[in-house]
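So you can see what is in the structure, the chains are spelled out below.
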Amino acid sequence: RTAPRPRRITARAAPVAAALLLVAGCSGVGVEGTPGAAGLRDPYFPKLGNGGYDVRHYALNIAYDPRTRRIEATADITAAATQNLSAFNLDLAGLTVRSAAVDGATASYRRAGKELTVRPREELGKGTVFRTRLVYAGVPETITDPDGSEEGWLPTADGALAVGEPTGSMAWFPGNHHPSDKATYTVTLSVPAGLKAVSNGRLVSERTANGRTTAVWNAPEPMASYLATVAIGAYRTTTGTVRAGKPADAPAVPVLSVIDPAAADAEADGLLARIPELLDWEAENFGPYPFSAAGAIVDRPGDLGYALETQTRPVFPRTAFDAPTLVHELAHQWYGNSVTPETWRDMWLNEGFATYAEWLYAEDFEDVPAQDSFTEAFDDDANWAFPPADPPEAENISDAPVYGRGAMVLHKVRQAVGDDAFFEILRGWPAKYRYANASTDDFTAYVEDVAGEDAQDDLDEVWDVWLYGDGKPDGP
Ligand code: ARG
Ligand code: ZN
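All of the points below concern the structure found in this document. (Residues numbered from 1 in each chain as written. Chains lettered and ligands numbered in written order. Predicted model: local features only at pLDDT ≥ 70, side-chain atom pairs only at ≥ 80, totals over all residues.)

1. Considering the site of ligand 1
No. 1: For ligand 1, the set of nearby residues contains 13 residues, the closest of which are Asp-145, Ser-149, Glu-165, Tyr-306 and Ser-398.
No. 2: Per-class residue counts for the shell around ligand 1 are three nonpolar, three polar and seven charged. (Near = placed C-beta within 6 Å. Nonpolar A, V, L, I, M, F, W, Y, C, P; charged D, E, K, R; others polar.)

Take a look at the structure:
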């Protein structure tokens, strides 16, 4: 995209603007630009994300050398200022910044911990769309989560894998790394010929010259940065198409999956082949598939102990690639990826729905009623450590209650409102908040809206006891 010419607050224009602001009766934000906030005060990761601007598009250009494990990279970030800005922050962990520029003019920058502060030569007026170019390099780090799991950039036997939930994407590109700032992406990857380089969305081009392969990937629908991925390896590729509930006049969705040949076997190939069937089934239950590409990445990263719902193309270590997990990560494309949590406190909205998708799969494909899955979750003590909508600490946001008790909340909603309204909610919730963010309050309000007065008392109890209640109820 091309940015419109920026509007600037220059030193000379400032007094005039100040007078105008006074006339307009504005107060609070001074007309002199102020630095954007260093964090968005997420309840679990207060420094994550940055205030004062809203990213529209990331164009990342990354060259990887698997031998040295280094990247050489450029990030072009198009953003809109949401206040008069004298400086703004980006989140970046490790790596070395070589240069910064805003709208083509060299900008000064400073690093402190995971905060990169960029000071443009001229202040940016509220509403200005501006482009920041950062040139950076180094060996991207693997980040250990508060819960001890690994994310960020993970070297593999022949390449690398990038996964970013909740904070890992700052290990490989500077950005506004809070889920509330969604943007579109173009990711250009250069790797030694013989390797494949994969990211989110559609493959725009792939060329090999002078011993290197360059692949350009485009993700045209808004994406939270924790869902961005890069996968580099000597992969085998499979392709296909799926309709997944898209209207008859819309193009079919291309499906592109890659698998590490050393991780491939009949079972894994069989699962990859089921992606179109599973997306069609989910689209029947959840509404049309929200994205213009689909697929999966199956690899053997050393210590990655979980699959991740990276947008359009979830990542699976071979050890976590099975039918329920595939159903789960594909369901996240609706719940989590299209409608994304407002803060990390709302993570149960991701995991509760994705777990409930597994229960629906068991119901439709394995003759196990959701009621049985519910009872099994109810009987599991791990699910009762805390209420799903209020994990005590950052290290708990991926714990059992967020998944199992989150799904129990949905099952109680189903009992309270009946199947018709419940399946309307499954479709309507990701439709209403398509490509946007939503909070737990948005969810309870939406359910109450669909269900109407008659269900109000029952729903109050669902929220009090199952969503927010501290202890385990006497019976399911
Ligand atoms: N969201 C992933 C899934 O359930 C799991 C991510 C786990 N991450 C972690 N840091 N423990 O599909
Ligand atoms: Zn999940």
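2. Things to note about the sheet that holds strand E20 (residues 236–242)
No. 1: The strand order across the open sheet built from four strands is E20-E21-E22-E23, with neighbouring strands paired in mixed fashion. The sheet terminates laterally at E20 and strand E23 (315–317), the two strands that pair on one side only. Shown here is a sheet whose adjacent strand axes are inclined to one another by a mean of 15 degrees, direction ignored.
No. 2: Where E20 and strand E21 (residues 253–259) come together, seven bridges link them in antiparallel fashion. What sits directly across from Thr-237, in E21, is Val-258.
No. 3: Each of E20 and E21 is contacted by helix H3 (residues 275–286), which is oriented at about 35 degrees to E20, the strand it contacts most. (Pairing = 2+ DSSP bridges. Helix = DSSP H or I, 4+ residues; strand = E, 2+ residues; numbered from the N terminus. Axes fitted to C-alpha atoms, helices over the stretch in contact; angles between N-to-C directions. Contact = placed C-beta atoms within 7 Å.)

3. Section: the nonpolar core
No. 1: By size, the foremost hydrophobic cluster in this structure holds 130 residues, and its most contacted members are Val-230, Leu-279 and Ala-294.
No. 2: Here Val-230 is in contact with Ile-62, Ala-160, Ala-162, Trp-172, Val-187, Leu-189 and Ser-199, once residues within four sequence places are set aside. (Core = buried A, V, L, I, M, F, W, Y, C linked by C-beta atoms within 7 Å. Buried ≥ 20, exposed ≤ 12 C-beta atoms within 10 Å, placed from the backbone.)

4. Here we look at the pairing of strand E3 (residues 53–65)
No. 1: Pairing analysis gives 12 bridges linking E3 to strand E4 (residues 70–81), with the strands arranged antiparallel. When the sheet's bridge partners are listed, Asp-54 is paired in E4 with Ala-80.
No. 2: If you look at the hairpin formed by E3 and E4, you'll find four residues sitting between the two strands, and Arg-69 has a positive phi there, around 65 degrees.
No. 3: Relative to strand E15 (residues 183–192), E3 runs parallel, the two being bridged by seven bridges. Note that in E15 the partner of Leu-60 across the bridge is Val-187.

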